[in-house]
Amino acid sequence: MAVIISEPTTTACTNCGKDIPTINFDLHYMHCARNLEKCSICGDMIQKKLAREHYHGNHAPVDCVHCGETVERENLALHRGQICPQRIIACDYCEFQLPAVDLYEHQDLCGNRTEYCDECCRYIRLCQWADHELRSHGASDDDSEASRLDEPQAREEGASHPNRLMLTAVVTGAAILLISFFLHRRTGG
Ligand SMILES: [Zn+2]
Ligand SMILES: [Zn+2]
Ligand SMILES: [Zn+2]
Ligand SMILES: [Zn+2]
Ligand SMILES: [Zn+2]
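In this text, all values refer to a predicted model and were calculated from it rather than measured experimentally. (Residues numbered from 1 in each chain as written. Chains lettered and ligands numbered in written order. Predicted model: local features only at pLDDT ≥ 70, side-chain atom pairs only at ≥ 80, totals over all residues. Heavy atoms only, no water.)

Chemist: Looking at this structure, I do not really get the coordination of the zinc ion (ligand 3). What am I missing?
Modeler: In a perfect tetrahedron of four donors around a metal, the angles come out at 109.5 degrees. In a perfect octahedron of six, they are 90 or 180 degrees. Bound to the zinc ion (ligand 3) on the protein side are Cys64 (SG), Cys67 (SG), His79 (NE2) and Cys84 (SG), at distances that span 2.1 to 2.3 Å. Coordination at the zinc ion (ligand 3) is tetrahedral, judged from the four donor atoms that bind it and the angles of 103 to 114° they form at the metal. Each donor residue of the zinc ion (ligand 3) lies on one chain, and together they are spaced C-x2-C-x11-H-x4-C. With Cys67 in the loop between β5 (62–63) and β6 (70–71) and His79 in helix α3 (residues 76–83), the pair connects residues that are twelve residues apart, well separated along the chain. Of the residues examined, His79 reaches a relative accessible area of 3% and is grouped as buried. (Donors = N, O, S within 2.8 Å, 3.2 Å for Na, K, Ca; no water. Tetrahedral: all angles 85-135°; square planar, octahedral: opposite > 155°, others 65-115°. Helix = DSSP H or I, 4+ residues; strand = E, 2+ residues; numbered from the N terminus. Buried < 20%, exposed > 50% of the residue type's maximum accessible area, 1.4 Å probe, protein only.)

The following block contains the structure:
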C-alpha cells in the first residue's frame, strides 16, 4: 500500500489572480470578491471601500498649485516646467524673476531700456545688446569672454597642487598684513 504525499494544490483566484491553497480557496474567494477589487489603472488590488481614495491619491488629475489648472498626473512635471503660465522665469535682461504670463510684457519694457556702450560711445537697447556685441565687437569680445570662462577651470587645476595654493595664500596673507600695517601707521601718525 503506497502512501501518496500530494503537493499542496493551489487554485488561482479569479478576483485577485493569486494562487490560493485549494483548501482555503472558498474562504479566500468569499472575502476577496467581497472586499477587494483590481484598480483598472495601476492593477493593484485595493479595498473596494477605499477605491475612491486610491484613485484620488494616485491617479486623479491634480490641480496645479500655481495656476489652478487641472493637469494629468503624468503631465504635471511638464506643466510646471514649461507650460504653467504662473511658472517663474527670469527676465533675459535684468534677471528679475516673474511669472511667465507677465514675462512677455516685462521683457518688452525691460528690453527697451538702454545701456551705454563704452566702446561705441552711444546708448544701445538691451534687447539689441547681444546682437550689437556680436556685430560691432564680435571677434575680440568673444575671445575675452572665452578666456574669462576658462579662468575658474585653471584655478581649479591649481587647487590640485596644494603647495602652489599654499604659497599663494601665504603671499596674499603677507601682502594684506603689510598693507594694513602701513595703513595703520599712516592713520595712527
Ligand atoms: Zn483573491
Ligand atoms: Zn491604482
Ligand atoms: Zn500651472
Ligand atoms: Zn527685466
Ligand atoms: Zn558698442
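Chemist: Would you explain the coordination of the zinc ion (ligand 2) in this entry?
Modeler: Distances from the zinc ion (ligand 2) to its protein donors, Cys39 (SG), Cys42 (SG), His54 (NE2) and His59 (NE2), fall at 2.0 to 2.2 Å. In this structure, the zinc ion (ligand 2) is surrounded by four donor atoms whose angles at the metal cover 103 to 114°, and the resulting shape is tetrahedral. All donors of the zinc ion (ligand 2) come from a single chain, and their spacing in sequence reads C-x2-C-x11-H-x4-H. Residue Cys42 is located in the loop between β3 (36–38) and β4 (45–47), and its partner His59 is located in the loop between α2 (51–58) and β5; the two are separated by 17 residues in the primary sequence. The exposure class assigned to Cys42 is partly exposed, which follows from its relative accessible area of 34%. A relative accessible area of 15% places His59 in the buried class.

Chemist: Would you mind showing me how to read the side chain of Arg87 here?
Modeler: Relative to the elements of secondary structure, Arg87 occurs in the loop between α3 and β7 (88–90). One buried charged residue, Arg87, remains without a salt bridge, the closest side chain of opposite sign being Glu69 at 9.8 Å. A polar contact of 2.8 Å, which involves the side chain of Arg87, links it to the backbone oxygen of Cys84. Dropping the residues within four chain positions of it, Arg87 is found in contact with Arg80, Gly81, Gln82, Leu98, Pro99 and Ala100. (Lys, Arg positive; Asp, Glu negative; His and termini not counted. Salt bridge = Lys/Arg side-chain N within 4 Å of Asp/Glu carboxyl O. Polar contact = N/O pair within 3.5 Å; in protein donor to acceptor, adjacent residues only side chain to side chain. Contact = heavy atoms within 4.5 Å.)

Chemist: It is not clear to me how the confidence of the model for the protein chain should be interpreted in this structure. Could you clarify?
Modeler: Reading predicted coordinates in detail is not appropriate for stretches of low pLDDT. When the pLDDT values of the protein chain are averaged, the result is 81; 69% of them are 70 or greater. A low-confidence stretch, residues 141–160 (pLDDT under 50), is modelled with four contacts involving residues beyond four sequence positions or located in other chains. (pLDDT = per-residue confidence, 0-100.)

Chemist: Any chance you could explain the side chain of His137 here in plain terms?
Modeler: Along the chain, the position of His137 falls in helix α5 (residues 129–159). At a separation of 3.0 Å, a polar atom in the side chain of His137 contacts the side chain of His132. In this structure His137 touches Cys117, Glu119, Cys120 and His132, once residues within four positions along its chain are discounted.

Chemist: Would you mind showing me how to read unusual backbone geometry here?
Modeler: Phi is mostly negative for residues that are not glycine, and the peptide bonds are mostly trans. Despite not being glycine, Glu95 shows a phi value in the positive range, around 65°. Along the polypeptide, Glu95 turns up in the loop between β7 and β8 (97–99). Assessed through its relative accessible area of 63%, Glu95 is described here as exposed. Despite not being glycine, Cys121 shows a phi value in the positive range, around 55°.

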